[in-house]
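In case you want the letters, here they are:
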Amino acid sequence: MTDTVSLETSRRDLSLNCLKFIAAAAMLIDHIAFAFVPYGTAPAIVMHFIGRITGPTMFFAAVEGYHHTRSLRRYLLRLAVFAGVSWIPFLFFMRGGFPEDISYMMSPNVIFTIFCGVLAVSIRRSERLKNPVLKLLLILSLVILCVPADWGTTGFLMILAFDFFYGNFKQQAFAYCLLVLCEMDVLSLITRPFFSLFYDGAFYIDIEFYKYFLENAGALIPIALLTFYKGRRGAKNSFSKWFFYCFYPLHLLLLGFLQTL
């Protein structure tokens, strides 16, 4: 009877592996739009809207990884190595070729953001490091390092929020939604017409503004997906472990190469 119930439950939920595959698919759609679809057009907005699933889902998965890893050192080392491996492919993709200006080299990828976030979580939870001021300074240093990175300080704070309320999904979701509203200009989509009403005397909707920020509202989709996650990690094999790490730099190289043709 118990096995039957657990089987029915597993059919209704999403495993962590499944969430990662969804995130990878959303990333591919987002990056195809970035490379080949004119920004601000309806197809681009829709594709970037879907693409906003990727970052938050991976940040959530990173926190789950922190709490379930057998070796934190190996987990951090793996993130650091693939952040380095993906550095040039990310720049190659973003610039449509190898960057000529050295300043463009200071654009770390999202795995770097995840690495800094997980490192900050380990610092915050460290029992060896007792001084709260030192902990705060170290975490602030990591925040500064994330400023030029993909998803930057927003992704960093999402990781901290998911960890701070770890074990209570309702609180995780609430903190996450506040970050999306405030950090990603989603709240502005609601309040901007009222600014024009109160200060200019006219209720005005700026279509151009909505073109560039409506896609950020897609960052609310991951919360709907994560409600289907019940702690099941999925199959434990080499493919599921290394898929995202390999997919990320390889698809960047492929899309970057296609841009140069």
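Look a little higher up for the structure.
Model, not experiment: these values are computed from the prediction. (Residues numbered from 1 in each chain as written. Predicted model: local features only at pLDDT ≥ 70, side-chain atom pairs only at ≥ 80, totals over all residues. Heavy atoms only, no water.)

## Here we look at the nonpolar core
So, step 1. Within the largest apolar cluster, 64 residues are counted, with the highest numbers of intra-cluster contacts made by F59, L79, V118, F156 and M158.
So, step 2. The leading source of residues in this core is helix α7 (residues 110-125), at nine residues.
So, step 3. What L79 contacts, discounting residues up to four positions off in sequence, is I111, I114, F115, V118 and Y245. (Core = buried A, V, L, I, M, F, W, Y, C linked by side-chain atoms within 4.5 Å. Buried < 20%, exposed > 50% of the residue type's maximum accessible area, 1.4 Å probe, protein only. Helix = DSSP H or I, 4+ residues; strand = E, 2+ residues; numbered from the N terminus. Contact = heavy atoms within 4.5 Å.)

## Considering helix α10 (residues 169-183)
Helical geometry: 3.6 residues make up each α-helical turn, so side chains three or four residues apart lie on a common side.
So, step 1. A rise of 1.5 Å per residue sets the reference length of α10, with its 15 residues, at 21 Å; its end C-alpha atoms lie 20 Å apart and thus fit the reference within 8%.
So, step 2. Listed as buried for α10 are Q172, A173, A175, Y176, L179 and V180.
So, step 3. Close packing links the buried residues of α10 with α4 (54-68), α9 (152-164), α11 (186-200) and α13 (221-226).
So, step 4. Where α10 starts, the residue carrying a side-chain oxygen 3.3 Å from the main-chain nitrogen of K170 turns out to be N168. (Expected span 1.5 Å × (residues − 1). Polar contact = N/O pair within 3.5 Å; in protein donor to acceptor, adjacent residues only side chain to side chain.)

## Some details on the pattern of salt bridges
Opposite charge on two side chains makes pairing possible when the charged atoms of those side chains draw close.
So, step 1. As enumerated under the stated definition, the model contains six salt bridges in all.
So, step 2. With a closest N to O distance of 2.9 Å, D163 and R124 form a salt bridge. Of the two residues, D163 sits in helix α9 while R124 sits in helix α7, which places them 39 residues apart along the sequence.
So, step 3. Assessed through its relative accessible area of 0%, D163 is described here as buried. (Salt bridge = Lys/Arg side-chain N within 4 Å of Asp/Glu carboxyl O.)

## Remarks on the environment of W151
So, step 1. Its place among the elements puts W151 in the loop between α8 (132-146) and α9.
So, step 2. Contact partners of W151, with chain neighbours within four places excluded, come to R52, G55, P56, F59, V110, M158 and M184.

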